[in-house]
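Secondary and tertiary structure notes
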Amino acid sequence: MNVLEKFTYIRTFVFDVDGVLTDGTVLLLPNGEQSRKMSIRDGYALQLAVKQGYRIAVISGGRSESVVARLNGLGITDVFTGITNKAEKLEDYALEHDLRWEEVLFMGDDIPDYRAMQLCGLSTCPADACPEIKSISMYVSPVAGGQGCVRDVIEKVLKLNGHWVLDETVASR
């Protein structure tokens with residue numbers, strides 16, 4: 001089976017935050033808060049996937065209320081932060097939702113994602129992922145983390161399944 005065929009089976013997306021939904025940069029503010037930036041294009045694709053009935057989960061080792069608020073605003077309710085063992089969390093999540101591994105895409109960029117990525121039917125990463133993650137990825141996006149790599153994989157799945165529609169009711173946030 002070629003990798004494009006694997007995209008057609010996907011019904012659940014799982015994403016890391018830093019290095020995937022963001023470019024991995026953390027801006028340290030004088031008040032001690034940390035700031036990140038996310039792609040509007042990723043946001044559009046995430047909203048559209050939710051509207052089309054795809055399940056989306058985010059599993060992150062970081063803790064950021066602003067990241068959770070942003071994702072919740074996009075319609076993503078399965079946001080898990082402060083996770084030290086992503087594979088274990090993913091296994092619990094899959095069991096809870098009766099997921100089939102071949103229907104799960106995971107996009108990660110660094111060592112904490114390694115074991116979780118090995119569980120899924122389609123392991124993916126951004127162009128700037130670390131070498132160990134690239135070596136186990138079935139698909140390496142040509143786009144870097146925080147620059148639209150999430151949009152890249154969502155768009156592939158939705159287009160291959162006839163779910164990529166021009167939807168003006170989805171606000172680009």
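- For the protein, the name recorded in an unreviewed UniProt entry is HAD-IIIA family hydrolase, with Chitinophaga lutea as its organism.
- UniProt, in its Subunit (unreviewed entry) section for the protein, records the words "Homotetramer."
- Recorded under Cofactor (unreviewed entry), the UniProt text for the protein is reproduced unchanged: "Mg(2+)".

**Regarding the UniProt feature "binding site: Mg(2+)" (unreviewed entry) in the protein**
- According to UniProt, the "binding site: Mg(2+)" (unreviewed entry) feature falls on D16 and D109. These annotated residues cover 94 residues of sequence, but their C-alpha atoms sit close together, with the largest distance between any two at 7.7 Å.
- A relative accessible area of 5% places D16 in the buried class.
- Here D16 is in contact with L21, I59, S60, K86, M107, G108, D109 and D113, once residues within four sequence places are set aside.
- Given the relative accessible area of 13%, D109 is considered buried.
- Those residues in contact with D109 that lie beyond four places of it in its chain are D16, D18, G19, V20, P126, A129, C130 and I133.

About the cut-offs
- Residues numbered from 1 in each chain as written.
- Predicted model: local features only at pLDDT ≥ 70, side-chain atom pairs only at ≥ 80, totals over all residues.
- Heavy atoms only, no water.
- UniProt positions renumbered as here; feature names shortened; annotations may be inferred.
- Buried < 20%, exposed > 50% of the residue type's maximum accessible area, 1.4 Å probe, protein only.
- Contact = heavy atoms within 4.5 Å.

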